[in-house]
Amino acid sequence: MNVRIAAVSLASAALVAVGATAAVAAPAPAQSITLKANHTTVKLGDVVTFTGKSAGVKEGSKVTLQVKSGATWKSLPVTAKVNHSAYKLTDKFQKKGVQVLRVKDGATVSKAVSVTVR
């Protein structure tokens, strides 16, 4: 019986120690990216400037502009580095219609914005 109590006590102590260690470790900061376009309606060939802020994204990380094509997102050859938790990039649209865009850094994506190209 004493062996059983000792085993349970040892197991309990181990769980408490592991739990205390896990409680001390700080959780990773949540990552987020915002996206704004300086114009929501442009003429074909006009330049649109996109700006945004990031939280929890590493300084110097590269954000990529993406456009929605059907049900998928396609990366455009437009990138910018995060500097002081912000970024700025530009793109010129060569296709008429409503373009739905977002920026991405790894698994972190912004909410989509729409730009109408006439």
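Each residue is numbered by its place in its chain's sequence as written, counting from 1. Totals for whole chains, interfaces and linings use every residue, but because this is a predicted model, local features are given only for residues with pLDDT of at least 70 and side-chain atom pairs only at 80 or more, for both listing and counting. With hydrogens and water excluded, all non-hydrogen atoms of the structure serve as input to the side-chain values.

(A) Representation of the packing of aromatic side chains. Each Phe, Tyr or Trp ring, with Trp reduced to its six-membered ring, pairs with another whose centre is within 6.5 Å; inter-plane angles below 30 degrees give stacked pairs, above 60 give edge-to-face pairs, and intermediate values give tilted ones. The tally for this structure, following the rule as stated, stands at 1 aromatic pair. On the basis of an interplanar angle of 75 degrees and a centroid distance of 6.4 Å, the ring pair of F50 and F93 is categorised as edge-to-face. Of the two residues, F50 is situated in strand β4 (residues 47-55) and F93 in the loop between β7 (86-92) and β8 (97-105); the sequence distance between them amounts to 43 residues. Per residue, the accessibility class of F50 equals that of F93, and both read buried. In this description a helix means any DSSP run of H or I spanning at least four residues, a strand means any run of E spanning at least two, and both kinds are numbered starting from the N terminus. Categorising residues by exposure relies on relative accessible area from a 1.4 Å probe, with only protein chains included: less than 20% of the type maximum marks a residue as buried, more than 50% marks it as exposed, and the intermediate range marks it as partly exposed.

(B) Looking closely at the pairing of strand β10 (residues 113-117). Taking every second residue as pointing to the same face, the buried face of β10 carries V113, V115 and V117, while none of S114 and T116 on the other face is buried. By definition, two strands form a pair when at least two bridges between them are found by DSSP. Bridge count for strand β3 (residues 41-42) against β10 is 2 bridges, and the pairing is parallel. Bridge assignment links T41 to a residue of β10, and that residue is T116.

(C) How the structure looks around the environment of S114. In this fold, S114 is placed in strand β10. In this description, contact between two residues means that some pair of their heavy atoms is separated by no more than 4.5 Å. Discounting residues that sit within four places of it in the chain, S114 has contacts with T40, V98, Q99 and V100.

Read these as spatial facts, not as claims about activity.
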